[in-house]
Amino acid sequence: MARKIFDTPAAALDGLLFDGMTIMSGGFGLSGNPESLIPEIRVSGVTGLTVISNNAGADGFGLWMLLESRQISKMISSYVGENKLFEQQYLSGELALELTPQGTLAERIRAGGAGIPAFFTKTGVGTVVADGKPVETFDGEEYVRETWLRADVSIIKAWRADPAGNLMFRKTARNFNPNMATAGTVTVVEVEEIVPAGTFDPDCIHTPGIYVDRVVLSTINEKRIEKLTTRARETV
């Protein structure tokens, strides 16, 4: 079995990055972002990137770093969110954006991993989402054709991995990350914990190691809260 465990995030990305490539980056809001791998992409200096991700981090966090350094030329996303830099670059024409409904984005990624080049969905019919795309009628309803998404490299974050690359995720971090692991030509995973072989109950593995090429222990586990809401403690 090929060695999958790498010593540092930089080593895990060594030889994989090039100008103009497509990268899938996991995460849902601020959960499950590959926050140790993204800084290494910034340091590499690669440019002209197309990045597929639900959103682009938040101010000062996650993919924001690659927007700030002007290394991303196009985002394929479902949510601009609270990222002011993302908004500014898109509105100024500096950044291309393919805005995709969230469920459609997830299914396009899943289709890429499953080898399904296209599928039909009702989501987006009659809107700008369907512009330029074939529309067909099934059982009297119109559906728009969407195509798969695949990437040169997928960077994702998981909770735990074993030496074979089998993965477990925790809670919201399980959104997008497992599907992206299947849709990259090479999948690089940062994890909070690396456990010995045989630790996992096979029924509890979320992503089998066959989809994972490289694993590295996270150096950053910030676990930010995007919107902190509190209330005064009740007194008796």
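Presented here is an overview of the structure given in this document. What you see is a predicted model; the values in this text were computed from it and never measured.

### Brief notes about the overall build of the protein chain
In step 1: If you tally the helices and strands in the protein chain, you get 6 helices and 12 strands.
In step 2: Radius of gyration (C-alpha) of the protein chain: 19 Å, near the 18 Å computed for a compact globule of 236 residues.
In step 3: Each of the three principal axes of the protein chain carries a C-alpha extent, and together these read 55 × 55 × 50 Å.
In step 4: The buried share among the 236 residues of the protein chain stands at 44%.
In step 5: Within the protein chain, counting contacts between residues at least 6 apart in sequence, those at least 24 apart form 72% of the total.
In step 6: With the model as given, the accessible surface of the protein chain reaches about 11,900 Å², and the carbon-plus-sulfur share is 50%.

### Some details on the pattern of salt bridges
In step 1: Counted under the stated rule, the structure contains 14 salt bridges.
In step 2: For Lys157, the salt bridge is made with Glu35, and the minimal N-O distance between the two is 2.8 Å. Taken together, the residues span a long stretch of sequence, with Lys157 in strand β9 (residues 151-161) and Glu35 in the loop between β2 (22-25) and α2 (38-44) at a distance of 122 residues.
In step 3: The class of Lys157 is buried, set by a relative accessible area of 6%.
In step 4: Residue Glu35 is classed as buried on the basis of its relative accessible area, which comes to 9%.
In step 5: One salt bridge connects Glu192 with Lys223, and the closest N-O pair in it is separated by 2.8 Å.

### So, the nonpolar core
In step 1: If you look at the biggest cluster of nonpolar residues, it comprises 27 residues, and the most contacted ones within it are Ile41, Leu49, Met75, Ile155 and Val188.
In step 2: When residues of this core are traced back to their parent elements, those giving at least two are α1 (9-13), α2, β3 (49-52), α3 (64-68), β4 (72-77), α4 (84-91), β9 and β11 (184-194).
In step 3: Setting aside anything within four residues of it in sequence, one finds Ile155 in contact with Leu13, Ile23, Met24, Ser25, Gly26, Pro34, Leu37, Ile38, Ile41 and Val188.
In step 4: One finds Leu149, Ala181, Val189 and Val191 within the second-largest nonpolar core, a separate group that totals 20 residues.

Rules used in this analysis
- Residues numbered from 1 in each chain as written.
- Predicted model: local features only at pLDDT ≥ 70, side-chain atom pairs only at ≥ 80, totals over all residues.
- Heavy atoms only, no water.
- Helix = DSSP H or I, 4+ residues; strand = E, 2+ residues; numbered from the N terminus.
- Rg over C-alpha atoms; globule rule 2.2 N^0.38 Å.
- Buried < 20%, exposed > 50% of the residue type's maximum accessible area, 1.4 Å probe, protein only.
- Contact = heavy atoms within 4.5 Å.
- Areas by Shrake-Rupley, 256 points an atom, 1.4 Å probe, with all protein chains shown as cover.
- Salt bridge = Lys/Arg side-chain N within 4 Å of Asp/Glu carboxyl O.
- Core = buried A, V, L, I, M, F, W, Y, C linked by side-chain atoms within 4.5 Å.

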